[in-house]
Amino acid sequence: MAGYAHLQVAQHGGIVVARLHRPEQRNALSPKLIAELTDFARTHRTRSDLRAVVLAGAPDFFSAGADLDSAGASAAEPPTLLQLRELVAAGPDMCQAWEDIEVPTIVAIEGWCVGGACALALACDFRICGAGGRMRLPEVPLGINMSWRSLPRLATLVGPARAKRFTMFGEFADAPTMLDWGMVDAVVEAGGAEAAAMEWARRLEALPPLPIRMTKEAINATANANHHATSYMDRDQFLLTFLSGDFREGTQAFFDKRKPDFKGN
């Protein structure tokens, strides 16, 4: 399989397992890992020998979300807005690439699944969660817009009120709550998410491959028909809030461990 730095890939018959592997950073999504995940998805999008793809993290955590340390990498000159707009396309492009994989995709979630990692999981077909799994979108309480075209996917899964609640408050949803809301498809004992995901993948592997792909395409076309129309501006909204005083206040308050004082500027 392709040699990635932060993504371990193995094939078992018609099933490919991709595993996030930045343990020292709790699998935070660095630009390099985002690029590798995007390349993997595009490389495997139409492979006729595949029946399912499983995406996993570490045994006790999936991912801490976007890597804030690497996101601020130094440059010779400050990027222009046009260059920033190109840079922030990486996250939504990654999620779209995973959504576009023709075979079913199954995410095995243990422990934290935060921010961009949550957006990635929402772009896949099925989510299997260990009993200790928790999802969170922390962006809005930090003063920034939740992007990566994740909000239409979330609203489609859980409905508008729960999508607003989950996004606006930025609080963790535990495994029973996620199952009740429809954010995950099964909850298993802690540490058992990947084994359960592999069992789902084996069941899919035994089914006729052509109608499985057709079914996924048809259902996605129905459920996601308005997703692009309602989220195509979210990276520009992200840039607007990224440059705001409230975002600076929110992040500073987070590091100072105090309550932020937002002004709407």
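Heads up: these notes are all about the structure in this document. (Residues numbered from 1 in each chain as written. Predicted model: local features only at pLDDT ≥ 70, side-chain atom pairs only at ≥ 80, totals over all residues. Heavy atoms only, no water.)

### Looking at the packing of helix 1 (residues 31-44) against helix 4 (residues 90-99)
- The interhelical angle for the contact between helix 1 and helix 4, taken along N-to-C directions, is 30 degrees, at an axis separation of 8 Å. Here helix 1 lies roughly parallel to helix 4, going by the angle between them. Both helix 1 and helix 4 take part in a crossing whose hand is left-handed. Taken together, the residues of helix 4 that come into contact with helix 1 (itself represented by Ile34, Leu37, Thr38, Phe40, Ala41 and Arg42) are Ala90, Asp93, Met94, Ala97 and Trp98. (Axes fitted to C-alpha atoms, helices over the stretch in contact; angles between N-to-C directions. Helix = DSSP H or I, 4+ residues; strand = E, 2+ residues; numbered from the N terminus. Parallel < 35°, antiparallel > 145°, perpendicular 65-115°, else oblique. Left-handed = near helix turned anticlockwise from the far one by under 90°. Contact = heavy atoms within 4.5 Å.)

### Quick look at the pairing of strand 6 (residues 126-130)
- Of all five residues in strand 6, four are buried; the element is thus mostly enclosed.
- Bridging between strand 4 (residues 105-109) and strand 6 involves four bridges; their strand directions are parallel. Within strand 6, the residue paired with Ile109 across the bridge is Cys129.
- Note: strand 6 against strand 9 (residues 186-188), three bridges, orientation parallel. Looking at the pairing, Cys129 lines up with Val187 of strand 9. (Buried < 20%, exposed > 50% of the residue type's maximum accessible area, 1.4 Å probe, protein only. Pairing = 2+ DSSP bridges.)

### Observations regarding the packing of aromatic side chains
- The full count for this structure, using the stated rule, is six aromatic pairs.
- For the ring pair Trp112 and Phe172, a centre distance of 5.6 Å and an interplane angle of 40 degrees mean the geometry is tilted. You can see Trp112 sitting in strand 5 (residues 112-114) and its partner Phe172 sitting in the loop between helix 7 (160-169) and strand 8 (173-174), a full 60 residues away along the chain.
- On the numbers, 5.9 Å between centres and 15 degrees between planes, the contact of Phe238 with Phe242 is stacked. You can see Phe238 and its partner Phe242 sitting in helix 12 (residues 234-242), four residues apart, about one turn around the helix.
- Classification of Phe242 by relative accessible area gives partly exposed; the value is 35%.
- One aromatic cluster is present, built from ring pairs that chain together Phe238, Phe242 and Phe247.
- We note Arg134 situated over the ring of Phe172; from NZ or CZ to the ring centre the distance is 4.0 Å. (Phe/Tyr/Trp six-rings, centres within 6.5 Å; stacked < 30°, edge-to-face > 60°. Lys NZ or Arg CZ within 6 Å of the ring centre and 35° of its normal.)

### Notes on the nonpolar core
- Counting residues in hydrophobic clusters, the biggest one holds 48 residues, and the most contacted among them are Leu37, Trp98 and Met135.
- Considering every element that reaches this core, the biggest residue donor is helix 5 (residues 116-122), with six residues.
- Discounting chain neighbours no more than four positions away, the residues touching Leu37 are Leu7, Leu20, Leu29, Leu55, Met94, Trp98 and Leu120.
- Membership of the second largest hydrophobic core comes to 16 residues, among which are Ala108, Ala186, Ala201 and Leu204. (Core = buried A, V, L, I, M, F, W, Y, C linked by side-chain atoms within 4.5 Å.)

### What about a nonpolar patch on the surface?
- A grouping of Leu81, Phe242 and Leu243 is seen on the molecular surface, where their side chains present a nonpolar patch of about 290 Å² in accessible area.
- Locating Leu243 in the fold gives a position in the loop between helix 12 and helix 13 (245-256). (Patch = residues over 30% accessible without salt bridge, like charges linked within 9 Å, V, L, I, M, F, W, Y side chains within 5 Å. Areas by Shrake-Rupley, 256 points an atom, 1.4 Å probe, with all protein chains shown as cover. Salt bridge = Lys/Arg side-chain N within 4 Å of Asp/Glu carboxyl O.)

### A look at the packing of helix 6 (residues 150-158) against helix 7
- Orientation of helix 6 relative to helix 7, taken along the N-to-C sense of each, is 130 degrees, at an axis distance of 7 Å. When the axes of helix 6 and helix 7 are compared, the pair comes out oblique. In the crossing of helix 6 with helix 7, the sense of the turn from one axis to the other is right-handed. Contacts from Leu151, Leu154, Ala155 and Val158 in helix 6 reach Pro160, Arg162, Ala163, Phe166 and Thr167 in helix 7.
- For the contact of helix 6 with helix 7, the residue count by class is seven nonpolar, one polar and one charged. (Nonpolar A, V, L, I, M, F, W, Y, C, P; charged D, E, K, R; others polar.)

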